[in-house]
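Each chain, letter by letter, is given below.
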Amino acid sequence: MIRRPPRSTPLYSSAASDVYKRQDATYERPIMKFLAMTLIPYAPDPVTRIQQSTTDRLRSVIETAILVEELGFDGYGVGERHERPYLSSSPPVVLSYIAARTSTIRLFTTVTTLSLLDPVRAYEDYATLDHLSEGRLDLMIGKGNGTAQAELFHVTTEDQWARNREGYELFRRLWREDKVTWAGQFRPPLHEAETWPRPLQQPIRIWHGSATSERSVELAAKWGDPLFSANVTNPIERYAELVRHYRERWAHHGRDPKEALVGAGSAGYYAAKDSQDALKSYRPVFQARQEAFRRQGIPEVFHSLEDAVERSSALVGSPQQIVDKVLRYHEQMGHEVLALNCDGNGLTPAQHRATLELFQSDIAPTLRRQVFSRALETSDEMNSTEGIEK
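Cut-offs used in this document
- Residues numbered from 1 in each chain as written.
- Predicted model: local features only at pLDDT ≥ 70, side-chain atom pairs only at ≥ 80, totals over all residues.
- Heavy atoms only, no water.
- Helix = DSSP H or I, 4+ residues; strand = E, 2+ residues; numbered from the N terminus.
- Buried < 20%, exposed > 50% of the residue type's maximum accessible area, 1.4 Å probe, protein only.
- Contact = heavy atoms within 4.5 Å.
- Salt bridge = Lys/Arg side-chain N within 4 Å of Asp/Glu carboxyl O.
- Arc of directions from axis to C-beta.
- pLDDT = per-residue confidence, 0-100.

### A short note on the overall build of the protein chain
Then, number 1: Along the protein chain, the regular secondary structure elements total 12 helices and 15 strands.
Then, number 2: Split into buried and exposed, the 390 residues of the protein chain put 55% on the buried side.
Then, number 3: In the protein chain, the share of contacts with a sequence separation of at least 24, taken over all contacts with a separation of at least 6, comes to 73%.

### What to know about the pattern of salt bridges
Then, number 1: Applying the stated rule across the entire model yields 22 salt bridges.
Then, number 2: Where R187 meets D118, a salt bridge forms, and the shortest distance between an N and an O atom there is 2.8 Å. Taken together, the residues span a long stretch of sequence, with R187 in the loop between β8 (180–182) and β9 (190–193) and D118 in the loop between β6 (112–113) and α3 (119–132) at a distance of 69 residues.
Then, number 3: Among the residues examined, D118 registers a relative accessible area of 33% and is labelled partly exposed.
Then, number 4: E218 is the partner of R249 in a salt bridge, and the nearest nitrogen-oxygen pair spans 2.6 Å. Taken together, the residues R249 in helix α7 (residues 236–252) and E218 in helix α6 (residues 214–223) connect sequence positions 31 residues apart.
Then, number 5: Several salt bridges converge on common partners, so that one network encompasses E70, R353 and E357.

### Let's talk about the side chain of D159
Then, number 1: Mapped onto the elements of the fold, D159 is located in the loop between α4 (148–153) and α5 (160–176).
Then, number 2: The exposure class assigned to D159 is buried, which follows from its relative accessible area of 16%.
Then, number 3: Once you skip the residues sitting within four places of it in the chain, D159 turns out to touch H154 and F186.

### Description of helix α2 (residues 91–101)
Then, number 1: Buried within α2 are the following residues: P91, P92, V94, L95, I98 and A99. Each buried residue of α2 lies within a common arc of 160 degrees when the element is viewed along its axis, so the set occupies one face.
Then, number 2: Those residues of α2 that are buried are in contact with α1 (54–71), β4 (75–78), β5 (106–109) and α3.

### Describing the environment of V232
Then, number 1: If you trace the backbone, V232 turns up in the loop between β11 (227–229) and α7.
Then, number 2: Overall, the relative accessible area of 32% leaves V232 in the partly exposed class.
Then, number 3: Along the primary structure V232 and A314 are separated by 82 residues, whereas in three dimensions their C-alpha atoms are 7.8 Å apart.
Then, number 4: Excluding its chain neighbours within four sequence positions, the residues that come into contact with V232 are Y239, S266, A267 and S313.

### Some details on the confidence of the model for the protein chain
Then, number 1: Looking at the protein chain as a whole, its pLDDT mean stands at 88, while 88% of the residues score no less than 70.
Then, number 2: A low-confidence stretch, residues 378–390 stays under pLDDT 50, and its non-local contacts, those more than four residues away or across chains, total 36 contacts.

Right under this line is the structure:
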């Protein structure tokens, strides 16, 4: 028999004045939220050159999820990729196992590639996961990346955006409506179709993952959904420009730009008490990533670790340096949720735990004091757009 964890306190609470407690700090207002996330990369360790078995690598994902819940992170995200060097082809399966091993942390898809999936089948998977996690699921959708998707799913650069839009618009109806009649371009039509199980959360919060295209931004703004900026590959300027465009389009659709909710990723994380120790420990990880980019044909944007720390969203350094950088980026993007890459590649288990502990002890409390967030509001409040233009 599987032990079912106690029902969690939801990340979103209807009372904006709820007192939120984390470690020894008490906050009288909604505060910034922190996610740990992984795409489950699968490669030799950049320091030891040892490659885990597939089984051990997937087990490490579960162990990290348990750890970040223990340390006080607000969410854990698993991405979706369908090619080397990733093992993240089935996020609902991985997240279901994590749901059984955790009790409070929210579970995110970072992202679900609806351009590749049948929306009906995706709905069935995630509605089931919504129940298994007892309402701890947040969805983030996107069109996906990589050449393998064209070969595996016959989705091309010419039709991926149309598939993403159509898939999302059907998915949100399936989640909200007991019976759906629908016709589109990329799957058979539906007539008074019922989908089961009906979800636990109604509605569910759905974020739109955005890299460098305005199309994800437009889809999010059209439906009044939150935006999550990847904020990984390039300097911040392009991502900040897209966030500004999102708020402009949000207003275009008749909404108050101040109500738009934004999250942002980061291009790597490692903190140490001394900044030079942080650079030394993280350098092999950065170099391995640069080599992987070259193998995948991704242009090199940052020529050194120091350049990446200066111009990218990589959070590498002392706690104060990381706090200053997040606040500097917040001034441009206004993000209320921050995602950290939590893979421990290149780190010993002790280093991995220590740097995540340091984030919660020396970095997160300062950011929580200084950055306001509405992430304690209910999904219904954040998604109540039915009366506005569709």
